[in-house]
Each structure stands twice: as C-alpha cells, then as structure tokens.
Amino acid sequence: QRSLAAVEEAVASRGSYVVHHRAVWPDGTVRWLEGRGAVTVDDHGEITGTIGCVADVTERILATEELRRALEALEAAAASERLNAERLEFLVHLNDAIDRAPDERSLMTNVAFSAVPRLGDWCSVTVVGPNDEVAVEVAHVDPEMVAMARELQARFPYDPEAVSGPAAAIRTGTTEFVAELDDAVMDELDAPDEVRDVARSLRLRSTMVVPLVAGGHRLGAIQFVNSAESRVFTDDDVALAEVVGERVGVAIENLRLRERLHRDRFRKALDALLDQVTIGRAVRDHDGT
C-alpha cells in the first residue's frame, strides 16, 4: 500500500518516487530493496508511464538502523545521567531544607516546596502528632492550585480509615504507587463520583505515596502527584520517594526527641529552682528573717 501510494502521488504531481521493500529470500535471508522512479510524459504533458530502477540497499539500511539504535542508546544514557544528576541535586536541596527547619511545621513546608517541581507537580506532607492531631502541607508551582488544594482538604477531611492515599500509607506503612490514574484505577478504589470529578478537573495522571517512618513509628506520609502535562512516575521515582520518606521521617523524629529533651531540661531546671526557693524559705523561717 505504501508503494502504490508513492507511485500514485508521483503520477498526480508528474514527479518522482522512492519506495523501499523488505524482501525475504527463499533461504530466509532478509534483504532491503530500494526502488526509484519517475513519471514519463509525452510532448503534450500526458502521462505515458513510469521508468525507474531497483537496487539492493540492505547494507545501507542495516547500517542506518544500527546507527539509529546507537543514537537512541546514547540519548537514553544521557537522559538517565541527567535524571540521576537532578535526583542527586534534589536530595542535596532537600537535606538543606530539612536542616534549616526549626520545627515540624517549618519542616513540612520546606520539604513540600523543595519537592516541587523536582519530584512532582504536587507534593503534600501529612504528619500525625503525638496526640493524633493531623497536620497537612501542600505545595504546587501555581499558588492558585495550592489554594484549590486547601479547599479540597476542607471538602475531604483526613479519614484515618481511607483505603488509599496518605491515610492508608500511614495505617499500613506501605508505599502506594499508581503509574496511570485512569478510570480503571478509580473503579478498583471504588472512588465516589465527586473524587473522580476532582481528579479529572485537576488532570491528575500519576501518583505515589510513601510513609514517613522512623524508629518503627509511622509518623505520617508524603505524596507526589504529576498532572497530565508531565510524565508518569517510574519504579526509580518510587525508590527515590521512599528515600525521601525515610529522611523526612528521621528528621521529624529527631525534632520530637529534641523537643522532649528541651522539655525535660526545662522541667529539671524548674524543679531545681523550686528546690532552691523551698530551701531558701526554710532557711529564712529558721533564722526568723
């Protein structure tokens, strides 16, 4: 069909054509043939036929194909190297953001905004406090989308028994990865129509949620989402997200340990001060002063 189409186009334009044929010889050898031809016309411009020749171009085709594969391999290697460099840069940036955080809330904010857009179009950090209080931080490159996300949080408050999302990752301690967030996945999750409408309106495409774990404690979860304009997440992205989850979980645990240590020191200092006041009063009463 391609050959006929090429010839028909040449006839219509009174021009030339080039066609390639893949031919299998009786012994199974694959050869490539190239046909080049042109339309012939008489003195009045009427088509009288075509004329051309055929040549065996197998070596050229195979060399071109080998070159194409080599170029694709080089491009893939360059892309992989560039992606690895970006991931390393992201981890360095993330560590700096964590080290600059004086408290949990600042840590959540720094992490969320460090991840966007380096690891996703969206990033949300959910942390469960010692008294089961829940805090959520959301980041997106577009401030209007952040405002929309906060509205969605009000419409869909945190449900500790949710079958998917951050709550499920926190409850089970396992990673959730959806490469393509399509209708089939929504059916599997038994998502209500309102949730489906939100996913479509935001054009959500790919998502991964990893728990924040430290010392055997599940402290929260971090979720990354890419929209329709971006690529789907891969297993390598999930591995990186899990590294981030471990790093953030340890950072939260360290902040809490530091806070407890400060409280204990303050309590001991206060107790010592009270003891001194008590001793002072006793001495005063004994001296009658």
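Here, the structure is the one placed above.
What counts, and where the lines are drawn
Just so you know, the residues in each chain are numbered from 1, in the order the chain's sequence is written. At least 70 in pLDDT is required for a residue's local features to be given in this predicted model, at least 80 for side-chain atom pairs to be given and counted, and no such filter applies to totals for whole chains, interfaces and linings, which use all residues. In computing side-chain properties, one takes all heavy atoms of the structure into account and sets aside hydrogens as well as water. A helix here means a DSSP run of H or I that spans at least four residues, while a strand means a run of E at least two residues long, and both kinds are numbered starting from the N terminus. Within these notes, the globule rule equals 2.2 Å times the number of residues to the 0.38 power, and the radius of gyration is based on C-alpha atoms. Remark: exposure states derive from per-residue accessible area (1.4 Å probe, protein chains only) relative to the maximum for the residue type, with buried under 20%, exposed over 50%, and partly exposed in between. Whether two residues are in contact is decided by their heavy atoms: any pair within 4.5 Å suffices. Calculation of accessible area relied on Shrake-Rupley with a 1.4 Å probe; when residues are assessed, cover is drawn exclusively from the protein chains displayed. Charge assignment: positive for Lys and Arg, negative for Asp and Glu; neither His nor the chain ends contribute. In this description, the location of a charge corresponds to atom NZ of lysine, CZ of arginine, CG of aspartate or CD of glutamate. The aromatic pairing rule takes the rings of Phe, Tyr and Trp, using the six-membered ring of Trp, and pairs them if the centres are within 6.5 Å, calling planes under 30 degrees apart stacked, those over 60 edge-to-face and the rest tilted. Whether a charge sits over a ring comes down to the Lys NZ or Arg CZ being within 6 Å of the ring centre and within 35 degrees of the ring normal. Throughout this description, the term salt bridge denotes a Lys or Arg side-chain nitrogen within 4 Å of a carboxyl oxygen of Asp or Glu. A patch is a set of surface residues, each over 30% in relative accessible area and not in a salt bridge, joined within 9 Å for like charges and within 5 Å for the nonpolar side chains Val, Leu, Ile, Met, Phe, Trp and Tyr.

Colleague: Before we move on, could you go through the overall build of the protein and cite the residues and values that matter?
Modeller: Counting its secondary structure elements, the protein contains eight helices and eight strands. Whereas a compact globule of 289 residues would reach a radius of gyration of roughly 19 Å, the protein reaches 34 Å, over 25% beyond that. Dimensions of the protein along its principal axes, counting C-alpha atoms only, are 140 × 40 × 40 Å. Counting over 289 residues, the protein shows a buried share of 31%. In the protein, once contacts between residues fewer than 6 apart in sequence are set aside, the share between residues at least 24 apart is 55%. If you sum the accessible surface of the protein, you get close to 18,200 Å²; carbon and sulfur atoms cover 55% of it. Averaged over its 32 positive side-chain charges, the protein has a centre that lies 5 Å from the centre of its 52 negative ones.

Colleague: If you had to explain unusual backbone geometry to someone new, which residues and values would you point to?
Modeller: In this model, Val 116 is joined to Pro 117 through a cis peptide bond whose omega is 0°. Examined against the element boundaries, Pro 117 turns out to sit in the loop between helix H3 (104-115) and strand E4 (122-128). Even without a glycine there, the phi angle at Arg 14 is positive, about 55°. You can see Arg 14 is positioned in the loop between helix H1 (2-13) and strand E1 (16-24). With relative accessibility at 46%, the residue Arg 14 sits in the partly exposed group.

Colleague: So what's going on with the packing of aromatic side chains? Which residues, and what values?
Modeller: If you walk through the whole model with that rule in mind, you get zero aromatic pairs. Positioned above the aromatic ring of Trp 25 is the side chain of Arg 31, whose terminal nitrogen or guanidinium carbon lies 5.4 Å from the ring centre.

Colleague: Any details on the pattern of salt bridges? Residues and values, ideally.
Modeller: If you walk through the whole model with that rule in mind, you get 13 salt bridges. As a salt-bridge pair, Arg 100 and Asp 96 come within 3.1 Å of each other at their nearest N and O atoms. On the basis of relative accessibility, which here comes to 39%, the residue Asp 96 falls in the partly exposed class. Among the ionic pairs, Arg 231 bridges to Asp 237, the shortest N-O distance being 2.6 Å. Here Asp 237 falls in the buried class, since its relative accessible area comes to 0%. Within this structure, Glu 65, Arg 68, Arg 69 and Glu 72 form a network of salt bridges that share partners.

Colleague: Pulling in residues and values, what's your account of a nonpolar patch on the surface?
Modeller: On the surface, Leu 67, Leu 71 and Leu 74 cluster together to form a nonpolar patch covering roughly 310 Å² of accessible area. Mapping Leu 74 onto the fold places it in helix H2 (residues 58-99). The exposure class assigned to Leu 74 is exposed, which follows from its relative accessible area of 59%.

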